[in-house]
Amino acid sequence: MELYSSKINKLIEELAALPGIGAKSAARLAFYLINEPEEHVKRLSEAMMDAKRSIHYCKECYTLTDSELCPICSSPKRDHEVIMVVETTRDLAAYERTGKYEGVYHVLHGAISPMLGIGPGDIRLKELMKRLEGNVKEVIIATNSSLEGETTAMYISKLIKPAGIKCTRIASGVPVGGDLENIDEVTLLRALEGRVQL
Ligand code: ZN
């Protein structure tokens, strides 16, 4: 016998499919939404649809943005000759929160993982190489310190070296296997300042 009506089950199922939401949280959220005023649920669902429809990749750095160029890429105050390579838009946000990084970014949207069958062609590497044809004096590799992040860092440094561009890796102040977005600003800054040449 089903515990709830099929429509509630469907809602719980959809919520449970979101990252970090288990079955119990999904049920709690579902009942919360059902008990909220219709106006609130409408605002929430419209915000989701609106974000989904209007957000796309920045044509320069591939972060998520709602304009053609993201605010960082279109800012004349940033140093466009220093590119920090990160795995996700959330990692970019983590470095932006430090307020101290003045270069621009390149978002790979993943990392190389032979185990998961994710190869160099599955992340935004080609696009990075294309950017390096312009004026770039340093590429800072800030992928996570997981196995995938390290593999990706190594792969990128091998690609970049022949071009004679300075290539650095953020220092290991970032704990092994740590996601950048969960690390405090001071540690991130220390990792950036202590970066080593590859
Ligand atoms: Zn951008």
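From a predicted model like this one, the values you see are computed outputs, not experimental measurements.

Enquirer: Any details on the overall build of the protein chain? Residues and values, ideally.
Expert: When helices and strands are tallied, the protein chain shows 7 helices and 7 strands. Reading the helices (α) and strands (β) of the protein chain from amino to carboxyl end gives α-α-α-β-β-β-α-β-α-β-α-β-α-β. Once the C-alpha set of the protein chain is aligned to its principal axes, its extents read approximately 65 × 35 × 35 Å. The 198 residues of the protein chain split such that 38% are buried. In the protein chain, the share of contacts with a sequence separation of at least 24, taken over all contacts with a separation of at least 6, comes to 55%. On the protein chain, roughly 12100 Å² of surface is accessible, and the fraction owed to carbon and sulfur atoms is 57%. For the protein chain, the distance from the average site of its 25 positive side-chain charges to the average site of its 28 negative ones is 2 Å.

Enquirer: Please give an account of the packing of aromatic side chains that cites residues and values.
Expert: Within the structure shown, the criterion is met by 2 aromatic pairs. Summarising the aromatic geometry, the rings of Tyr57 and Tyr62 are spaced 6.5 Å apart at their centres and angled 50° between planes, so their arrangement reads as tilted. With a relative accessible area of 37%, Tyr57 lands in the partly exposed category. The positively charged end of Arg124 is found above the aromatic ring belonging to Tyr57, 4.7 Å away from the centroid.

Enquirer: Provide a residue-level description of the coordination of the zinc ion, including the pertinent values.
Expert: Around the zinc ion, the protein supplies Cys58 (SG), Cys61 (SG), Cys70 (SG) and Cys73 (SG) as donor atoms, at distances of 2.3 Å. Coordination geometry of the zinc ion: the 4 donor atoms subtend angles of 105 to 118° at the metal centre, consistent with an arrangement described as tetrahedral. When the donor residues of the zinc ion are listed from N- to C-terminus, their spacing reads C-x2-C-x8-C-x2-C.

Conventions used here
- Residues numbered from 1 in each chain as written.
- Predicted model: local features only at pLDDT ≥ 70, side-chain atom pairs only at ≥ 80, totals over all residues.
- Heavy atoms only, no water.
- Helix = DSSP H or I, 4+ residues; strand = E, 2+ residues; numbered from the N terminus.
- Buried < 20%, exposed > 50% of the residue type's maximum accessible area, 1.4 Å probe, protein only.
- Contact = heavy atoms within 4.5 Å.
- Areas by Shrake-Rupley, 256 points an atom, 1.4 Å probe, with all protein chains shown as cover.
- Lys, Arg positive; Asp, Glu negative; His and termini not counted.
- Charge placed at Lys NZ, Arg CZ, Asp CG, Glu CD.
- Phe/Tyr/Trp six-rings, centres within 6.5 Å; stacked < 30°, edge-to-face > 60°.
- Lys NZ or Arg CZ within 6 Å of the ring centre and 35° of its normal.
- Donors = N, O, S within 2.8 Å, 3.2 Å for Na, K, Ca; no water.
- Tetrahedral: all angles 85-135°; square planar, octahedral: opposite > 155°, others 65-115°.

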